[in-house]
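The lines below spell out each chain.
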Amino acid sequence: MSAAERLSQSEIDERVAVLKRFRELLTRQRDKFRGYLEVLDRQRADIEKGDVDALVSHVEVEQSIVGEIFAVQKVIDPLEDIYRAAYSGAEPEGLPELKTTLTELKQEVIARNEENRALLKQRMEMIRNEIKSIRNPYAKKKSVYADIPEPRNLDIKG
């Protein structure tokens with residue numbers, strides 16, 4: 001083995017550090033997506049129950065989680081480039097499974113989010129129809145103030 005083929009200890013340490021950080025970030029991203037799925041499940045139940053207050057809180061939590069997911073993704077992207085450069089061709093054990101799980105979770109989040117949107121849209125349409133069907137009991141009655149004649153002369157002298 002030539003000197004060019006052998007890696008120095010500092011290069012090995014650097015690769016290990018990149019791998020650990022990359023794996024840590026992918027794990028964090030996976031956990032964020034799992035948390036998001038839990039929020040989507042609770043959100044669906046609240047849509048079905050019609051609990052508006054809980055729905056509003058779920059939307060706020062959802063926005064927070066999505067922001068965190070994007071923040072972690074911004075760190076993952078450049079780190080993945082460094083990882084690919086350091087491990088050209090070789091995938092360390094466990095990393096492909098983690099990436100696959102993360103991809104599956106992303107797809108599941110997208111699917112559940114679409115389901116919740118469709119359910120919410122359906123619920124909103126039902127509420128609109130209910131509002132349209134409500135009859136105003138005072139709509140055909142004459143106002144008690146309608147019989148008061150308008151003043152014609154106004155005495156401003158006092």
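Residues numbered from 1 in each chain as written. Predicted model: local features only at pLDDT ≥ 70, side-chain atom pairs only at ≥ 80, totals over all residues. Heavy atoms only, no water.

### Quick look at the overall build of the chain
Then, number 1: Along the backbone of the chain there are three helices and zero strands.
Then, number 2: Along its sequence from the N terminus, the chain presents helices and strands in the succession α-α-α.
Then, number 3: When the backbone C-alpha atoms are referred to their principal axes, the chain occupies close to 115 × 45 × 20 Å.
Then, number 4: Put simply, the chain has 158 residues, and 24% of those count as buried.
Then, number 5: Considering only residue pairs separated by 6 or more positions, the chain has 79% of its internal contacts joining residues 24 or more positions apart.
Then, number 6: Total accessible area on the chain stands at roughly 12,300 Å², and carbon and sulfur atoms take up 54% of it. (Helix = DSSP H or I, 4+ residues; strand = E, 2+ residues; numbered from the N terminus. Buried < 20%, exposed > 50% of the residue type's maximum accessible area, 1.4 Å probe, protein only. Contact = heavy atoms within 4.5 Å. Areas by Shrake-Rupley, 256 points an atom, 1.4 Å probe, with all protein chains shown as cover.)

### Structural notes on the environment of Ser133
Then, number 1: The topology assignment puts Ser133 in helix 3 (residues 95–133).
Then, number 2: A C-alpha to C-alpha distance of 51 Å links Ser133 and Thr27, two positions 106 residues apart in sequence.
Then, number 3: Of note is the side chain of Ser133, whose polar atom sits 2.8 Å from the backbone oxygen of Glu130. (Polar contact = N/O pair within 3.5 Å; in protein donor to acceptor, adjacent residues only side chain to side chain.)

### Quick notes on a nonpolar patch on the surface
Then, number 1: A grouping of Ile127, Ile131 and Ile134 is seen on the molecular surface, where their side chains present a nonpolar patch of about 310 Å² in accessible area.
Then, number 2: Within the secondary structure, Ile127 is located in helix 3.
Then, number 3: Of the residues examined, Ile127 reaches a relative accessible area of 37% and is grouped as partly exposed. (Patch = residues over 30% accessible without salt bridge, like charges linked within 9 Å, V, L, I, M, F, W, Y side chains within 5 Å. Salt bridge = Lys/Arg side-chain N within 4 Å of Asp/Glu carboxyl O.)

### A look at the packing of helix 1 (residues 9–49) against helix 2 (residues 52–86)
Then, number 1: Viewed as axis vectors pointing N to C, helix 1 and helix 2 meet at an angle of 160°, and their least axial separation amounts to 9 Å. By the angle class used here, helix 1 and helix 2 are roughly antiparallel. The interaxial crossing formed by helix 1 with helix 2 has left-handed handedness.
Then, number 2: The class makeup of the residues in the contact of helix 1 with helix 2 is 24 nonpolar, five polar and nine charged. (Axes fitted to C-alpha atoms, helices over the stretch in contact; angles between N-to-C directions. Parallel < 35°, antiparallel > 145°, perpendicular 65-115°, else oblique. Left-handed = near helix turned anticlockwise from the far one by under 90°. Nonpolar A, V, L, I, M, F, W, Y, C, P; charged D, E, K, R; others polar.)

### Side note on the side chain of Asn113
Then, number 1: Turning to its location among the elements, Asn113 is positioned in helix 3.
Then, number 2: Excluding residues that lie within four positions of it along the chain, Asn113 makes contacts with Tyr36, Leu40 and Glu62.

### Focus on the pattern of salt bridges
Then, number 1: The full count for this structure, using the stated rule, is 10 salt bridges.
Then, number 2: The partner of Arg21 in a salt bridge is Glu24, with the nearest N and O atoms 2.8 Å apart. Placement of the pair is Arg21 and Glu24 together in helix 1, with a separation of three residues, close to one helical turn.
Then, number 3: Overall, Arg21 belongs to the partly exposed group, its relative accessible area being 33%.
Then, number 4: Residue classification places Glu24 among the partly exposed residues on the basis of a relative accessible area of 40%.
Then, number 5: Two residues, Glu115 and Arg44, come together in a salt bridge whose shortest N-O distance is 3.5 Å.

Take it as geometry only, folks, not as evidence of what the structure does.
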